[in-house]
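An overview of the molecular structure
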Amino acid sequence: MQPIRFELLHVCRQTGARAGLLHTPHGVYQTPMFMPVGTLATVKTLSPEELKAAKSQIILSNTYHLWLRPGDEIIKKAGGLHKFMNWDQAILTDSGGFQVFSLSNLRQIEEEGVHFRHHINGSKLFLSPEKAIQIQNNLGSDIMMSFDECPPYPASHDYVKKSIERTTRWAERGLRAHMRKADQGLFGIVQGGEYLDLRLQSAKDLMSMDFAGYSIGGLSVGEPKQIMYNVLEKLNPVLPQNKPRYLMGVGSPDALIMGTMHGVDMFDCVLSTRIARNGTVMTSTGRKNLKNAKFSEDFTPIDENCDCYACQNYSKAYIRHLIKCDETFGIRLTSIHNTRFLLKLMEDVRIAILSDRLLDFKLEFFEKYGLNVENHAGF
């Protein structure tokens, strides 16, 4: 049996959104889902126990960063990433491709792979499709990503065409290099920028290789959100119904709901913990910056509708005080809250799909959160 298997449970009659189960070597998880990002084998400031209390399912780690520090061989000696970081649920690792193209300006792309500079010390590095798979095999993640090129936005049609053709060849090489097919699933990454014909070509080429699932990359890189939704709308009827779809690097509440409506099952983003470190929290009535003076005497929870540890035990005034004093506990509380907020949002989305009322849920959520429905066309 395949290590990664998608089980479709229900399709929303209002929107066509999917609710399902994702079977992995470390458990079965409900989709659609948001996956917190633990770049360096930790979701910033949060313990595994706190992530479980927030009802996290799958979490991410980063191939590129773990290759450099502490090194994939060390993690292999530790018994794999699960044991190394004390996480007994599923882990997804990206290929390192996005980091190579986003962190290093001094890069040279060749058919064999990419030569680039270490983003910290400037030393010369080389990453190939085979190397990216070998690192992930050593890490032992449940779900791995193919090594791909993430084209910049904007880029010409000719450039992106050549890029997706190379990404397809790299995907085929990575599939051949995959040495743990029995306990690690490998996803192909659909690229193509804003060009719908190239997106369809990329999807077609990758589907011919029968990957365990299909990621949609190269979005949320600076393009207007409507372009992203256009791409998702085009891919939705094309990608296999019996395989999971993963929209990479997307995690704002509006994009989670809209992406789900366009058939996406899995999302990840650093957003929840990144904005938490600046004192910004997501609530049922929109974003709030707790550094604002108006919260100095606000002794109510961040969100009275939230069941997270922070909201059940602390006030805005107290958390604001911690953040203003640069106390780490304040950042931990905002990170716990934001992470739980997005996980709870996807729980509510799943309920709405199963109840055939996701469109109604979207309209209600957008109005309360302060989002403009007209700027999120398509449904």
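Structural data are supplied above this passage.
Read on for an overview of the structure. Along each chain, numbering runs from 1 in the same order as the chain's sequence is written. At least 70 in pLDDT is required for a residue's local features to be given in this predicted model, at least 80 for side-chain atom pairs to be given and counted, and no such filter applies to totals for whole chains, interfaces and linings, which use all residues. Think of the side-chain values as coming from all heavy atoms in the structure, minus any hydrogens and water.

A few words on the sheet that holds strand 11 (residues 185-190). Within the open sheet, the 8 strands sit side by side as 4-14-13-12-11-10-6-5. Their pairing is parallel. Each edge of the open sheet is held by one strand with a lone partner, namely strand 4 (33-36) and strand 5 (59-61). Taken over all neighbouring pairs, the strand axes of this sheet differ in orientation by 30° on average, direction set aside. At least two DSSP bridges between two strands are required for those strands to pair. The helix count covers DSSP runs of H or I at least four residues long, the strand count covers runs of E at least two residues long, and both are numbered beginning at the N terminus. By the bridge criterion, 3 bridges tie strand 10 (residues 143-145) to strand 11 in an arrangement that is parallel. Counted as the bridge partner of Met145 is Phe187 from strand 11. Only heavy atoms enter the contact rule, under which two residues are in contact if any of them lie within 4.5 Å. In this analysis, axes come from line fits to C-alpha atoms, helices being fitted only over the stretch in contact, and the angle between any two N-to-C directions falls in the range 0 to 180 degrees. On top of the sheet, helix 8 (residues 196-207) reaches strand 11 and strand 12 (213-216); it is set at about 155° to strand 11, its chief contact.

Taken in spatial order, the 3 strands of this open sheet run 1-2-3, and their pairing is antiparallel. If you trace the sheet from one side to the other, it starts and ends with strand 1 (5-11) and strand 3 (27-31), each paired once. Across the sheet, the axes of successive neighbouring strands diverge by a mean angle of 20°, strand direction being ignored. Pairing of strand 2 (residues 18-24) with strand 3 involves 5 bridges; the strand directions are antiparallel. Across the sheet, His23 pairs through a bridge with Val28, a residue of strand 3.

Here we come to the packing of helix 7 (residues 157-177) against helix 8. Packed helices, taken two at a time, are described by the angle their axes make and the gap between the axes. Orientation of helix 7 relative to helix 8, taken along the N-to-C sense of each, is 10°, at an axis distance of 10 Å. By the angle between their axes, helix 7 is roughly parallel relative to helix 8. Of the residues in helix 8, those in contact with His157, Val160, Lys161, Ile164, Thr168 and Ala171 of helix 7 are Asp197, Leu198, Gln201, Ser202, Asp205 and Leu206. When grouped by side-chain class, the residues that make up the contact of helix 7 with helix 8 number 5 nonpolar, 4 polar and 3 charged. Each angle gets one of four labels, with under 35 degrees taken as roughly parallel, over 145 as roughly antiparallel, 65 to 115 as roughly perpendicular, and the rest as oblique. Three classes are used, and their members are as follows: Ala, Val, Leu, Ile, Met, Phe, Trp, Tyr, Cys and Pro are nonpolar, Asp, Glu, Lys and Arg are charged, and the others, Gly among them, are polar.

The omega angle of the peptide bond from Arg69 to Pro70 is 5°, so this bond is cis rather than trans. As for its placement among the helices and strands, Pro70 is situated in the loop between helix 2 (63-68) and helix 3 (72-77). Of the consecutive residues Tyr153 and Pro154, the connecting peptide bond is found in the cis state with omega at -5°. When you line up the elements, Pro154 lands in the loop between strand 10 and helix 7. The phi torsion at Asp356 lies on the positive side, around 60°, for a residue other than glycine. Locating Asp356 in the fold gives a position in the loop between helix 14 (328-354) and helix 15 (358-369).

What follows deals with the pattern of salt bridges. The term salt bridge refers to a pairing of a side-chain nitrogen on Lys or Arg with a carboxyl oxygen on Asp or Glu at a separation within 4 Å. Per the stated rule, a full pass over the model turns up 18 salt bridges. We note a salt bridge from Glu149 to Arg166, for which the minimum N-O separation is 2.8 Å. Here Glu149 is found in the loop between strand 10 and helix 7, whereas its partner Arg166 is found in helix 7, with 17 residues between them in sequence. A salt bridge links Asp158 to Lys162, with the nearest nitrogen and oxygen atoms 3.4 Å apart. Of this pair, Asp158 and Lys162 both sit in helix 7, 4 residues apart, roughly one helical turn.

Another aspect to go through is the packing of aromatic side chains. Aromatic ring pairs: the centre-centre distance and the angle between the two ring planes describe each pair. Stacked, edge-to-face and tilted labels apply to pairs of Phe, Tyr and Trp rings (six-membered ring for Trp) whose centres lie within 6.5 Å, assigned for plane angles under 30 degrees, over 60, and everything in between, in that order. Applying the stated criterion across every chain yields a total of 11 aromatic pairs. Taken together, a centroid distance of 5.8 Å and an interplanar angle of 70° make the contact between Tyr309 and Tyr314 edge-to-face. Classification of Tyr314 as partly exposed rests on a relative accessible area of 23%. Here Phe365 and Phe366 contribute two aromatic rings whose centre-to-centre distance is 6.5 Å and whose plane-to-plane angle is 65°, an arrangement assigned as edge-to-face. Each member of the pair, Phe365 as well as Phe366, carries the same accessibility label: buried. Through a chain of ring-to-ring contacts, the aromatic side chains of Phe341, Phe361, Phe365, Phe366 and Tyr369 assemble into a single cluster. A ring has a charge above it when a Lys NZ or an Arg CZ is no more than 6 Å from the ring centre and no more than 35 degrees off the ring normal. Directly above the ring of Trp87 sits Lys52, whose terminal nitrogen or CZ lies 5.8 Å from the centroid. Its end group placed over the ring of Phe366, Lys362 keeps NZ or CZ at 5.5 Å from the ring centre. Buried residues are those whose accessible area, probed at 1.4 Å on protein chains only, stays under 20% of the maximum for their type, while exposed residues exceed 50% and partly exposed ones sit between those limits.

The subject of this paragraph is helix 8. In this scheme, a helix's expected span is set at 1.5 Å multiplied by one less than its residue total. Spanning 12 residues, helix 8 covers 16 Å between terminal C-alpha atoms, matching the ideal 16 Å at 1.5 Å per step. Taken as a whole, helix 8 has its buried residues at Leu198, Arg199, Ser202, Ala203 and Leu206. All buried residues of helix 8 fall inside an arc of 135° around its axis, so they share one side. Where helix 8 is buried, its residues meet helix 7, strand 11, strand 12 and helix 9 (225-235). Arc definition: it is the arc formed by the directions from the helix axis to the C-beta atoms.

Don't take any of this as a statement about function, it's just geometry.
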